[in-house]
Amino acid sequence: MLISKEEILNTISKMSVTEVMELVSMIEKKFDITSNIPLNNQKISVESNKEEKVSFNVKLMTIGPNKVSIIKIIRSTTGLGLKESKDLVESAPTIIKENITKENADNLHKMLTDAGATAEII
């Protein structure tokens, strides 16, 4: 049974701030991501753009001839189930992983391209 986005939002809206923060932490851990949300609606300064980039996203551009291999790679690297991985792969071009290290991005990119897909690190 698939839960709609509206149902998820309704459930979250009933949570306390502490519960929401715990949920965000669990999501970050589950998907190996971090939320980089500026606090107090402060704008990020132009200076921060000059810093060396430390987190990267991997975008699947095209599947290539080995769709099953790509789905297996997505399942193993994201922790998603078979259906979610298949849906993600079929929605290419799409971001596969966000806010990961350069080394992890390079490894995922290599696995995808070795399997025949087209991917890019952004």
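These notes cover the structure that comes with them. Within every chain, residues take consecutive numbers counted from 1 along the sequence as written. In keeping with the predicted nature of the model, local features appear solely for residues at pLDDT of at least 70, side-chain atom pairs appear and are counted solely at 80 or more, and the whole-chain, interface and lining totals rest on all residues. Note that the side-chain values use all heavy atoms of the structure and ignore hydrogens as well as water.

Structural notes on the nonpolar core
For soluble globular proteins, nonpolar side chains are generally found buried alongside one another. What counts here: Buried Ala, Val, Leu, Ile, Met, Phe, Trp, Tyr and Cys residues form a nonpolar core when they are joined through side-chain atoms within 4.5 Å. When accessible area is computed with a 1.4 Å probe and restricted to protein chains, residues below 20% of their type maximum are described as buried, those above 50% as exposed, and intermediate ones as partly exposed. The secondary structure listing takes helices from DSSP runs of H or I that are at least 4 residues long and strands from runs of E that are at least 2 residues long, numbered from the N terminus.
Core analysis: the largest hydrophobic core is formed by 18 residues, its most contacted members being Ile70, Ile74, Val89 and Leu112. Those elements that place two or more of their residues in this core are β1 (56-62), α4 (67-78), α5 (82-90), β2 (94-100) and α6 (102-114). For this core, the leading source of residues is α4, giving four residues.

Considerations on the packing of α4 against α6
Heads up, the rule is: Interaxial angles span 0 to 180 degrees and are taken between N-to-C directions of axes, which are lines fitted to C-alpha atoms, for helices over the stretch in contact. What sets the label is the angle itself: under 35 degrees gives roughly parallel, over 145 gives roughly antiparallel, 65 to 115 gives roughly perpendicular, and the rest give oblique. Each crossing gets its handedness from the near helix: less than a right angle anticlockwise from the far helix is left-handed, clockwise is right-handed. Note on contacts: a residue pair qualifies if any of its non-hydrogen atoms lie within 4.5 Å across the two residues.
α6 packs onto α4 with a crossing angle of 160° between their chain directions and a minimal axis gap of 9 Å. With respect to α6, the element α4 is oriented roughly antiparallel. Crossing hand, α4 versus α6: right-handed. Taking contact as the criterion, the partners of Ile70, Ile73, Ile74 and Thr77 in α4 are, on α6, Leu108, Met111 and Leu112.

Some points on the pattern of salt bridges
Definition in use: A side-chain nitrogen of Lys or Arg and a carboxyl oxygen of Asp or Glu constitute a salt bridge if their distance falls within 4 Å.
If you walk through the whole model with that rule in mind, you get five salt bridges. Of the charged contacts, one joins Lys83 and Asp87 as a salt bridge, the two residues approaching to 2.9 Å between their closest N and O atoms. Of the two residues, Lys83 and Asp87 are both situated in helix α5; the distance of four residues between them amounts to about one turn of the helix. For Lys83, a relative accessible area of 54% gives the class exposed. Of the charged contacts in the structure, one is a salt bridge between Glu90 and Lys86, with a shortest N-O distance of 2.9 Å. Taken together, the residues span about one helical turn, with Glu90 and Lys86 both in helix α5 at a distance of four residues. Residues joined by salt bridges that share partners form a network here, namely Lys67, Lys86 and Glu90.

So far we have only geometry, and geometry alone does not tell us how the molecule works.
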